[in-house]
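# Observations on chain architecture
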Amino acid sequence: MRIGYPCMNTGIGCTSARTFRLKSWSEERFLSTVAENLACLSRILAYNAAHRLLFFRVTSDLVPFASHPVNTLDWPEIFTEEFAGIGALVRENRMRISMHPDQFTLINSPDEGVRERSVAELTYHAAVLDAMGLDTTAKVQVHVGGVYGDREAAMARFVERYRTLPDRIRRRLVVENDDRLYTARDCLSLHRACGVPVVFDTLHHECNPSGEDVAGALAACAPTWSHHADGLPMVDYSSQAPDARRGRHTPTLDPAHFAAFLAASRPHDFDLMLEVKDKEQSALRARALATDDPRVKRNL
DNA sequence: CTTAGTCAAGGGGTA
DNA sequence: TACCCCTTGACTAAG
């Protein structure tokens with residue numbers, strides 16, 4: 001079990017998610033922003049390596065407007081060295097990377113334009129991981145998408161479109177249960193139909209359950225990952241913020257809830273993404289809480 | 001300097 | 001049909 005956190009570090013004083021308004025677009029602005037973002041990502045990963053936080057989600061804002069028509073620059077080529085350096089850092093420290101495109105990425109949309117933009121966005125995400133030289137254990141996770149008034153048809157469209165995605169995308173794509181529309185069980189049925197691995201999200205499963213307890217859901221999702229090509233299963237963990245709208249993440253790690261999760265999840269092994277607002281601070285506390293867990297101990 | 005409104009992109013739910 | 005919500009940090013113009 002590697003423990004990680006998403007997208008940003010609260011302590012080191014830089015962000016890899018700098019962006020700008022489309023109105024402010026210029027090649028100079030783009031190039032300087034990407035350069036800053038990549039430099040910051042390097043710093044974050046160096047911090048993570050030093051603190052043995054070996055799982056990290058790279059922000060989708062790393063390359064602003066990467067899939068937008070306004071951008072005709074060959075950014076993977078321009079930043080070849082920077083991406084390669086980051087990839088080397090990841091590999092040398094046996095770290096793992098994931099990405100999670102925004103809600104606009106909907107491969108099951110009936111709208112041709114939405115689908116095309118989604119494929120372009122997925123191509124961007126795959127291109128980042130490719131430029132880093134990472135193997136197919138580095139994943140791009142998406143939700144199933146909309147229902148469009150007909151769940152069966154919407155799920156069938158996901159399957160059909162997954163099958164025809166370029167291999168560059170498909171080999172990295174994994175699907176996650178969401179908090180309203182598609183449960184873990186729905187995702188498992190997609191896996192049976194097309195082979196897509198399933199990321200289990202604990203909070204979404206609480207909000208939008210499909211009958212299994214945590215252990216049962218993990219047992220069902222784990223075999224959707226081919227150990228060789230896909231690596232360990234990925235699990236997103238968070239708990240419900242008290243007195244907040246359903247689905248809102250807690251601001252910081254709840255130690256008792258986390259301990260209960262660790263106990264319930266045994267003996268399954270997976271890489272764990274802590275979706276908590278204070279980011280690396282909670283990841284560090286989680287790792288400390290779990291140091292006696294043999295799954296974590298192996299990676300210290 | 002601080003702050004409040006806004007940002008490429010979709011879809012679901014309510015009135 | 002019209003409007004609100006999600007989720008979120010960062011940008012940007014206004015004060």
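Note: the structure precedes this text.
Treat the numbers as computed from the prediction; the structure is a model and nothing was measured.

### Focus on the pattern of salt bridges
Considering all chains together, one arrives at 16 salt bridges under this definition. The salt bridge partner of aspartate 271 is arginine 96, with a shortest N-O separation of 2.7 Å. In this pair, aspartate 271 sits in strand E8 (residues 271-274) while arginine 96 sits in strand E3 (residues 96-99), placing the two residues 175 residues apart along the sequence. The class of aspartate 271 is buried, set by a relative accessible area of 0%. On the accessibility criterion, arginine 96 (2% relative accessible area) is buried. Close ionic contact of arginine 295 with aspartate 293 constitutes a salt bridge, the shortest N to O distance being 2.8 Å. Each member of the pair, arginine 295 together with aspartate 293, is buried. Taken together, the shared-partner salt bridges connect Asp130, Arg168, Arg171 and Arg172 into one network.

### A few points about the sheet that holds strand E7 (residues 234-237)
Reading around the barrel, the eight strands line up as E1-E2-E3-E4-E5-E6-E7-E8 and close back on themselves, with parallel pairing between neighbours. For this sheet, the mean inter-axis angle between neighbouring strands, taken without regard to orientation, is 30°. Across two bridges, the pairing between strand E5 (residues 173-176) and strand E6 (residues 198-201) is parallel. Of the residues in E6, the one forming a bridge with valine 175 is valine 198. Along the sheet, helix H1 (residues 27-50) makes contact with strand E1 (3-6), strand E2 (55-58) and E3, crossing E2 at roughly 165°. Contacts from helix H12 (residues 280-289) reach E1 and E8 within the one sheet, and its direction differs from that of E1 by about 165°.

### Let's talk about the state of the cysteines
Counted by the stated rule, this structure contains one disulfide. The disulfide partner of cysteine 14 is cysteine 40, and the gap between their sulfur atoms is 2.1 Å. The chirality of the disulfide connecting cysteine 14 with cysteine 40 is right-handed, given an S-S dihedral of about 80°. Taken as a pair, cysteine 14 in the loop between E1 and H1 and cysteine 40 in helix H1 lie far apart in primary sequence, 26 residues in all. Classification of cysteine 40 as buried rests on a relative accessible area of 2%. Summary of cysteine pairing: cysteine 7 is not part of a disulfide, and the nearest cysteine sulfur, belonging to cysteine 40, is at 12 Å. The thiol sulfur of cysteine 207 is not disulfide-bonded, and the nearest other cysteine sulfur, from cysteine 187, lies at 14 Å. Overall, the relative accessible area of 10% leaves cysteine 207 in the buried class.

How each quantity is defined
- Residues numbered from 1 in each chain as written.
- Chains lettered and ligands numbered in written order.
- Predicted model: local features only at pLDDT ≥ 70, side-chain atom pairs only at ≥ 80, totals over all residues.
- Heavy atoms only, no water.
- Salt bridge = Lys/Arg side-chain N within 4 Å of Asp/Glu carboxyl O.
- Helix = DSSP H or I, 4+ residues; strand = E, 2+ residues; numbered from the N terminus.
- Buried < 20%, exposed > 50% of the residue type's maximum accessible area, 1.4 Å probe, protein only.
- Pairing = 2+ DSSP bridges.
- Axes fitted to C-alpha atoms, helices over the stretch in contact; angles between N-to-C directions.
- Contact = heavy atoms within 4.5 Å.
- Disulfide = S-S within 2.5 Å.

Keep in mind that these numbers describe shape and distance, not what the molecule does.
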